[in-house]
Amino acid sequence: MNILQDLEFRDLIYQSTDYDELSERLEKGPIALYIGFDPTADSLHIGSLLPILCLKRFQLAGHLPIALAGGGTGMIGDPSGKSTERGLNPEEIIDEWTEKIRLQLEQFLDFDTKTNPARIANNYHWLGKLEVISFLRDIGKHFSIGYMLSKDAVKSRLSTGISYTEFSYMILQSYDFLKLYEDYDCEMQAGGSDQWGNITAGIELIRRVSNKKGYGLTFPLVTKNDGTKFGKTEAGTIWLDSTKTTPYEFFQFWINTDDRDVIRFIKYFTFLSRDEIVNLEEETVKNPGKREAHRILAREVTELVHGKEALAKAEKISQAFFYGNVRDLNEDEVEEGFKDIPSTTISENEIGIVDLLVTAGVSTSKRQAREDIKNKAIYINDECSTEIERILLPNDRLHQKYTIIRRGKKNYFLIKWLP
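Let me begin by describing the structure that accompanies this report. (Residues numbered from 1 in each chain as written. Predicted model: local features only at pLDDT ≥ 70, side-chain atom pairs only at ≥ 80, totals over all residues. Heavy atoms only, no water.)

1. Section: the packing of aromatic side chains
What the rule picks out here adds up to 17 aromatic pairs. Where Phe-253 meets Trp-254, the ring centres are 5.1 Å apart and the plane angle is 85°; that geometry is what we call edge-to-face. We note that Phe-253, like Trp-254, is buried. Centroid distance Trp-254 to Phe-265: 6.3 Å. Interplanar angle 85°. Geometry classified as edge-to-face. Here Trp-254, found in helix H12 (residues 247–255), pairs with Phe-265, found in helix H13 (residues 262–269); they are eleven residues apart in sequence, far enough to count as distant. One exposure class covers both Trp-254 and Phe-265, and it is buried. By the ring-pair criterion, three or more aromatic residues cluster together here, those being Phe-230, Phe-250, Phe-253, Trp-254, Phe-265, Tyr-268 and Phe-269. (Phe/Tyr/Trp six-rings, centres within 6.5 Å; stacked < 30°, edge-to-face > 60°. Buried < 20%, exposed > 50% of the residue type's maximum accessible area, 1.4 Å probe, protein only. Helix = DSSP H or I, 4+ residues; strand = E, 2+ residues; numbered from the N terminus.)

If you want it as structure tokens, here you go:
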């Protein structure tokens with residue numbers, strides 16, 4: 001399959017400029033294309049993963065990807081997909097975030113290949129040098145107010161309000177496309193479907209200024225079948241930065257994918273072949289209880305983002321939870337696996353199990369704690385504890401500092417002992 005056929009199979013084409021023309025251009029030889037990533041936080045999240053991987057797909061197909069870190073546009077704020085104005089961050093924060101995002105983008109693309117190396121650009125390098133009068137005369141004159149108001153990103157904000165700052169974002173992004181066209185021979189821009197208005201505006205600017213042809217393509221915005229927002233959990237956003245979302249949490253996000261979404265997400269976020277995906281889909285229909293597709297999805301994406309070692313650790317922690325082998329976890333794995341569960345710090349050298357259960361919030365009262373113990377609902381380091389008079393001693397600690405309490409099948413609590 002060529003790149004467009006692959007994207008079509010994966011349901012990754014939402015909109016494109018003239019499809020036949022684009023297909024014909026791609027058949028002629030490598031095309032340079034770009035996707036922009038504005039620094040709205042100190043890390044990209046998995047909502048950005050789809051466009052990153054699409055850049056990678058184009059590179060694997062022989063094309064020339066450009067990842068644009070939006071150090072300039074990040075100071076303005078993109079109104080696309082937002083119902084209210086974004087807050088403006090200080091320049092030094094934007095610079096710091098831009099550098100972190102640049103480093104994240106570098107881990108997905110190949111910058112060393114001699115045939116079609118990837119590039120990273122920062123639009124602050126040209127937007128930061130603009131002079132208002134010359135920019136309005138040379139670039140602004142090509143944008144009519146009616147044309148800009150017709151774009152969905154602007155139209156949807158007219159009822160709630162949009163500042164001139166965000167209103168001008170379309171012009172700046174269009175100028176990015178023009179600059180990349182002039183400096184890197186970049187003929188194509190891609191992005192999420194909410195970027196369609198900005199992309200087509202850039203194509204029009206290239207036509208007006210250079211009388212040249214540009215191309216555009218958008219991907220669907222990722223949604224979940226159950227109605228919840230993709231990339232969000234009860235614990236918060238799923239980040240690509242392992243210090244913000246641990247590889248174990250990342251792995252668990254994918255393993256818990258809704259059955260109705262799993263094949264679609266495998267198409268979106270993995271590089272499995274068409275035959276592999278078709279076979280996996282058939283197997284999932286036949287044996288849904290095996291959840292093989294969920295495991296493959298979690299493994300593929302976790303390794304892609306965090307590497308083999310992090311995947312191995314995430315799987316080990318997951319297995320320890322599932323099979324009750326928490327004693328096999330090393331200290332770092334305990335910290336990672338129990339990062340977001342309720343934890344209590346205990347200063348006493350010894351404590352009775354009933355008092356401990358109440359102090360740690362495992363049981364609501366001493367009476368309830370005794371009932372839980374009698375009902376064999378309490379596990380200490382995954383061993384059922386049935387003695388009401390039990391005293392927790394130093395040998396009940398993992399790595400001399402942790403005790404893991406489980407109530408029932410899934411309710412975990414972490415005890416941290418002070419030295």
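Picking up where we left off.
2. A few points about the sheet that holds strand S5 (residues 186–192)
Pairing within the open sheet is mixed, and its six strands lie in the order S1-S6-S5-S2-S3-S4. The outermost strands of the open sheet, each flanked by one partner alone, are strand S1 (15–16) and strand S4 (119–122). Pairing of S1 with strand S6 (residues 215–219) involves two bridges; the strand directions are antiparallel. Residue pairing across strands places Ser-16 opposite Leu-217, the latter belonging to S6. Where helix H2 (residues 19–28) meets the sheet, its contacts fall on S1, S5 and S6, and the angle it forms with S6 comes to roughly 105°. Helix H3 (residues 49–60) contacts strand S2 (32–37), strand S3 (64–69), S5 and S6 of the sheet and is inclined by roughly 165° relative to S2. (Pairing = 2+ DSSP bridges. Contact = heavy atoms within 4.5 Å. Axes fitted to C-alpha atoms, helices over the stretch in contact; angles between N-to-C directions.)

Taken by themselves, the reported measurements are silent on function.
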